[in-house]
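Remarks on the overall topology
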Amino acid sequence: MTSTASAPTTIGGPGLPQERRLVTAVPGPRSQELLARKAAAVPAGVGVAVPIAVVAAGGGVVVDADGNSLIDLGSGIAVTSVGNAHPGVAAAVTAQVQAFTHTCFTIAAYDGYVEVAEALNRLTPGDHEKRTALFNSGAEAVENAVKIARKHTGRQAVVVFDHAYHGRTNLTMALTAKTMPYKSGFGPFAPEVYRVPTSYPFHDGLTGAEAAQRAVTQIEQQIGAENTAALLIEPIQGEGGFVVPAEGFLPALADWAHANGIVFIADEVQTGFARTGAMFASEHEGVVPDIVTTAKGIAGGLPLSAVTGRAEIMDSPHAGGLGGTYGGNPIACAAALAAIDAFEHDGLVDRAREIERILLDALHTAQRQDPRIGDVRGRGAMIAMELVDPATGDPDRGLTGRVVRYAFEHGVIALTAGTSGNVVRFLPPLAIDDALLAEGVGVVLEGLASA
């Protein structure tokens, strides 16, 4: 639905009208004004995928400075899963700001940090004794997980996978597979990082057991299990294109790692907190990681990340070996506790499964009619379609770019992914309603039809 109605007076949160509304072309004049200021004040390397200036967001919509209301199928890259400006999160943040804003937990401790750690120790897979350390970003969590694994094992090698994304810092650039825009020109990178093939059913046609054996053989022949500190993997790859490995791949790797004293790290930064129709994606096949890294959806939009793992592994670093000035900031911890309460008590795991059904129904129907949709995959509210040249099967990056451009010009925020840039990913807030979700995916598919 589009209209020429004036901008809403509501400032933000779930009270915003849940509708797609275009008042101007996108980007409108006020958004263009901000983007011009951005070009003069912010480095060109800090890109903006959707050229709008946001003034409010809530539920399943984002409102720009021109009064346009766009359907949000990105959630700030899976961050605002509970919905933007969730009332519980906003109230918790307000109360904490009025109490105190910072002490640095490693200087003077506070309850919120410990409560978040207790919640994550309880919620992450496995009933073993756990410990949790808090940080600021997904990349920081991954870096610390690697530090901990190396300290615990006394080994140096870290194994990662094709198409992986783990961050943009120096170590995590080495862990990340995709060169543009994340790595090109930024080396040299951290050493002792080794990449092996993953399970990518659309491309390799292997069973999970076959793909796992291929990876294990390469590790044993080229690195050596005895030299490997950690095996680091996303249970469903994010930036790599929402690649869901073949059944049995993850359990086989976890079993092999455990048999060889290797720390199995699940990077659940994007897949965690109900996103895939389980609280954590590792649960879909009963995998119990040694360490889980989380961020994104953890705190309803505030910067927070965590490393949660087996107590004997997490306790390996010496006192002072873990921490950071802002890690586990009290405001972010307050937001996290409110978000976790919503995940546990607002039916959001079930909601993710309902979103999966709506998205897969629409995309599979389109796939039957359009051979350019090579693959449809994903779990929960983490669904993707991979676009290809139907004559050759080659990735069609240009088509993908045209589709997402059409989407935002017609009032829908959609994101791309994939090593070849040919995947459209759907990451709506779990708070989005059915009608808005169906309308949003419909606009994306209109873009594909018109491309």
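Below or above, wherever it landed, is the structure these notes cover. (Residues numbered from 1 in each chain as written. Predicted model: local features only at pLDDT ≥ 70, side-chain atom pairs only at ≥ 80, totals over all residues. Heavy atoms only, no water.)

**Notes on the overall build of the chain**
On a plain count of helices and strands, the chain comes out with 14 helices and 15 strands. A compact globule built from 451 residues would reach a C-alpha radius of gyration of about 22 Å, and the chain, at 22 Å, matches this within 12%. The C-alpha extent of the chain, read off along each of the three principal axes, is 65 × 60 × 45 Å. Residues classed as buried in the chain amount to 55% of the 451 residues present. Taking contacts inside the chain between residues at least 6 apart in sequence as the whole, the part at least 24 apart equals 72%. On the chain, roughly 17,700 Å² of surface is accessible, and the fraction owed to carbon and sulfur atoms is 53%. (Helix = DSSP H or I, 4+ residues; strand = E, 2+ residues; numbered from the N terminus. Rg over C-alpha atoms; globule rule 2.2 N^0.38 Å. Buried < 20%, exposed > 50% of the residue type's maximum accessible area, 1.4 Å probe, protein only. Contact = heavy atoms within 4.5 Å. Areas by Shrake-Rupley, 256 points an atom, 1.4 Å probe, with all protein chains shown as cover.)

**Examining the packing of aromatic side chains**
A full pass over the atoms with the stated rule returns seven aromatic pairs. Relative to Y110, the ring of F105 lies with its centre 5.3 Å away and its plane at 85°, an arrangement referred to as edge-to-face. For Y110, a relative accessible area of 9% gives the class buried. Here F105 and Y113 contribute two aromatic rings whose centre-to-centre distance is 3.7 Å and whose plane-to-plane angle is 5°, an arrangement assigned as stacked. Ring pairing ties together the aromatic residues F100, F105, Y110 and Y113, which thus form one cluster. When the ring centre of F189 is taken as reference, the NZ or CZ atom of K183 above it lies at 5.4 Å. (Phe/Tyr/Trp six-rings, centres within 6.5 Å; stacked < 30°, edge-to-face > 60°. Lys NZ or Arg CZ within 6 Å of the ring centre and 35° of its normal.)

**Description of the packing of helix 3 (residues 87–99) against helix 11 (residues 330–345)**
Closest axis-to-axis distance for the helix 3/helix 11 pair is 8 Å, and the angle between their directions is 150°. When the axes of helix 3 and helix 11 are compared, the pair comes out roughly antiparallel. Pair helix 3 / helix 11 crosses with right-handed handedness. Each of G88, V89, A92, V93, Q96 and V97 in helix 3 lies in contact with helix 11, whose residues at this interface are P330, I331, A334, A335, A338 and A339. (Axes fitted to C-alpha atoms, helices over the stretch in contact; angles between N-to-C directions. Parallel < 35°, antiparallel > 145°, perpendicular 65-115°, else oblique. Left-handed = near helix turned anticlockwise from the far one by under 90°.)

**Things to note about the nonpolar core**
I291, L304, F343, M385, F426 and V444 are the most contacted members of the largest nonpolar core, which has 89 residues in total. Once you skip the residues sitting within four places of it in the chain, F426 turns out to touch L73, F242, L359, L363, A381, M382, I383, A384, M385, V441 and V444. Of all hydrophobic cores here, the second largest spans 22 residues; its members include V196, A211, L250 and A257. (Core = buried A, V, L, I, M, F, W, Y, C linked by side-chain atoms within 4.5 Å.)

**Here's the deal with the sheet that holds strand 11 (residues 373–379)**
One open sheet accounts for four strands, arranged 11-12-15-14; its pairing is antiparallel. Whereas interior strands pair on both sides, the edge strands pair on one side only; in this sheet they are strand 11 and strand 14 (415–417). The average angle at which neighbouring strand axes cross in this sheet is 30°, direction not considered. With six bridges joining them, strand 11 and strand 12 (residues 382–387) adopt antiparallel strand pairing. Bridge pairing links V376 to M385 in strand 12. (Pairing = 2+ DSSP bridges.)

**A word on the environment of F264**
Among the structural elements, F264 can be located in strand 8 (residues 263–267). On a C-alpha basis, the gap between F264 and T365 in space is 38 Å, while along the polypeptide they are 101 residues apart. Those residues in contact with F264 that sit more than four places away from it in its chain are L231, I233, L250, L253, A254, A257, H258, V287, P289, D290 and I291.

**As for the sheet that holds strand 3 (residues 69–72)**
Sheet architecture is open: four strands sit in the order 1-2-3-13, paired in mixed fashion. Of all the strands in the sheet, just strand 1 (54–58) and strand 13 (412–413) have a single pairing partner and so form its edges.

**Regarding the side chain of T124**
Tracing the backbone shows T124 in the loop between helix 4 (111–123) and strand 4 (130–135). Judged by its relative accessible area of 5%, T124 falls in the buried class. With near-sequence residues (within four places) excluded, T124 lies in contact with K130, F280, V292 and T308.

**Comments concerning unusual backbone geometry**
M180 connects to P181 through a cis peptide bond whose omega is 5°. Backbone torsion omega between G187 and P188 reads 5°, so that peptide bond is classified as cis. Note that P188 resides in the loop between helix 6 (170–175) and strand 6 (193–196). Although it is not a glycine, I77 sits at a positive phi angle of roughly 60°. Relative to the elements of secondary structure, I77 occurs in helix 2 (residues 75–78). A positive phi angle, close to 55°, is found at F242, a residue other than glycine. By the element assignment, F242 lies in the loop between strand 7 (228–233) and helix 9 (249–259).

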